[in-house]
Amino acid sequence: VGLMMCMSKNLWNTGKIVTMDSGVSVAKGILAMREKGVFGQSLVKPRGHGWPVLVIGNYIDEYFEIGYCETLEQIVDGVKFFIHCQKEDKYVTKIMSC
């Protein structure tokens, strides 16, 4: 979270969007940036430490059919965020945005 906040500090209160990789603390960092007036989006992986706790990642991987896409909605601490999912032949893309 600290790295995400440090890197986005010049953008606070601008309403701009920051796009990141899954190597950062995704869920908590995106929500923290939102509190500072910066929107974030990032690739997320269910097995990583940045995955939102209440989102069922295994369900997405196992039960979505190839070519299917859906946006899941979640609310944490009163803030709505989204997980945009698309299943491909060998990979399921998941992008969190807030």
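Residues numbered from 1 in each chain as written. Predicted model: local features only at pLDDT ≥ 70, side-chain atom pairs only at ≥ 80, totals over all residues. Heavy atoms only, no water.

A.B. asks: Explain the pattern of salt bridges here, please?
C.D. replies: Side chains bearing opposite charge may pair, as long as their charged atoms lie close to each other. Across all of its chains, the model carries two salt bridges by this definition. A salt bridge links Asp61 to Lys94; the shortest N-O distance between them is 2.7 Å. Of this pair, Asp61 sits in helix H3 (residues 57-63) while Lys94 is found in strand E5 (residues 92-97), placing the two residues 33 residues apart along the sequence. Put simply, Glu73 and Lys80 hold a salt bridge, and the shortest N to O gap is 3.5 Å. Given a relative accessible area of 38%, Lys80 falls into the partly exposed group. (Salt bridge = Lys/Arg side-chain N within 4 Å of Asp/Glu carboxyl O. Helix = DSSP H or I, 4+ residues; strand = E, 2+ residues; numbered from the N terminus. Buried < 20%, exposed > 50% of the residue type's maximum accessible area, 1.4 Å probe, protein only.)

A.B. asks: Teacher, can you tell me more about the sheet that holds strand E1 (residues 17-20) here?
C.D. replies: Across a sheet, paired strands are connected by hydrogen bonds in the backbone, their directions being either parallel or antiparallel. The strand order across the open sheet formed by five strands is E1-E2-E5-E4-E3, and the pairing between neighbours is mixed. The open sheet has two free edges, formed respectively by E1 and strand E3 (69-76), since each of these has just one partner strand. Each neighbouring strand pair of the sheet contributes to a mean axis angle of 20 degrees, computed without reference to strand direction. The strands touched by helix H2 (residues 26-35) are E1, strand E2 (39-43), E3, strand E4 (79-87) and E5; relative to E2, the strand with the most contacts, the crossing angle is about 165 degrees. (Pairing = 2+ DSSP bridges. Axes fitted to C-alpha atoms, helices over the stretch in contact; angles between N-to-C directions. Contact = heavy atoms within 4.5 Å.)

A.B. asks: What should I look at first to understand H2 in this one?
C.D. replies: Since the α-helix turns once every 3.6 residues, residues separated by three or four places project in the same direction. In terms of residue burial, H2 counts as a mostly covered element, since seven of its ten residues are buried. Listed as buried for H2 are Val26, Ala27, Gly29, Ile30, Leu31, Ala32 and Met33. Tucked into the core, H2 has its buried residues touching helix H1 (2-8), E1, E2, E3, E4 and E5. Immediately beyond the C-terminal end of H2, within one or two residues, lies Gly37, with a positive phi of roughly 85 degrees.

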